[in-house]
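# Geometric and topological summary
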Amino acid sequence: MISIALYSWLTFRVYNLTKQPSSKVEVVINGLIPSEPGATTKQESGTTVLLFFGNAEGGKVLDHQIVSRGYADTNGEFRVEVERAKIGETINCRIRHAAYEFMDEEILIMPYGAFHTAKMRPDGFYQGDIRGADVGDLAEYNKKSARKAEGYQKEAFQQLQASGYRLSQIPFLYWLRYYFLAILTFALDYLIFGSFFKEGVTNVIDALYLSAVTVTTLGYGDIVPVHWTTKLLTGLQAVSGVVLVGLFLNSLFAERSSKD
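These figures come from a predicted structure and were not determined experimentally.

## What to know about the packing of aromatic side chains
Throughout the structure, instances matching the rule amount to eleven aromatic pairs. With a centroid separation of 5.7 Å and an interplanar angle of 75°, the aromatic rings of Phe172 and Phe248 are classed as edge-to-face. Of this pair, Phe172 sits in helix α3 (residues 172–192) while Phe248 sits in helix α5 (residues 228–259), and the two are 76 residues apart along the sequence. This pair shows no difference in class: Phe172 is buried, exactly as Phe248 is. Pairwise contacts between aromatic rings join Tyr7, Phe186, Tyr190 and Phe197 into one cluster. One cation-aromatic arrangement involves Arg79 over Tyr152; the distance from NZ or CZ to the ring centre is 4.8 Å. Here the basic side chain of Lys86 rests over the ring of Phe53, its NZ or CZ set 4.6 Å away from the ring centre.

Here it is as structure tokens:
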């Protein structure tokens, strides 16, 4: 039944909007020298990254401070998840790569995570083979990496905004849209099961009329369901109509109140 499928999907969508954010946030460092595809040796591996909390005593990082260590992937990125409880703290990023300046940077963890572009700069001294993949024009590579990090941050922020909503925070137009969509989908079901009504539903106009008077709970009684299937459908639509109107008004008043 089309209407049942619609409400199942709507329930799933509302659940996704109202569920709480993940217990972890992502830390992404990009702009690194990428590892070569399928890298198995140090020469094929890209930038070395060490992420840790706390201060390094004399440059040494203790084991219990380390969050993650490893090499940049083939996209020149290094990713790790940290507990949401770490929001507001700074995570230290230590970057090492032959032929490039060593860097230690502090990165603030925001509610949406942390996205940082490392500005790799040649040190001007190293003459050996540069390990990892060739990025070409380093300045242009850094610019592209910065734009990519901004895109990651924007996407993560939007996901954070869309999670953990209370029902009243869902835009009222969202409910209005599904109210009218319910009229159309139930009308299609009534047309499919037209012979299951006493007077019969034989055309689109009758189906839309029956759907409209049912969802608004008017129920004139001129078209009556006589089969358990259509009784279930009309009952479900009447109840859902009341619920959708309530959710619509709840969101509408919440939005108006927030502007006052």
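## Regarding the side chain of Ser211
Inspection of the secondary structure puts Ser211 in helix α4 (residues 204–215). Ser211 has contacts with Ala182, Ile183, Phe186, Ala187, Tyr190 and Gln237, leaving out every residue within four places of it along the chain.

Definitions and limits used
Residues numbered from 1 in each chain as written. Predicted model: local features only at pLDDT ≥ 70, side-chain atom pairs only at ≥ 80, totals over all residues. Heavy atoms only, no water. Phe/Tyr/Trp six-rings, centres within 6.5 Å; stacked < 30°, edge-to-face > 60°. Helix = DSSP H or I, 4+ residues; strand = E, 2+ residues; numbered from the N terminus. Buried < 20%, exposed > 50% of the residue type's maximum accessible area, 1.4 Å probe, protein only. Lys NZ or Arg CZ within 6 Å of the ring centre and 35° of its normal. Contact = heavy atoms within 4.5 Å.

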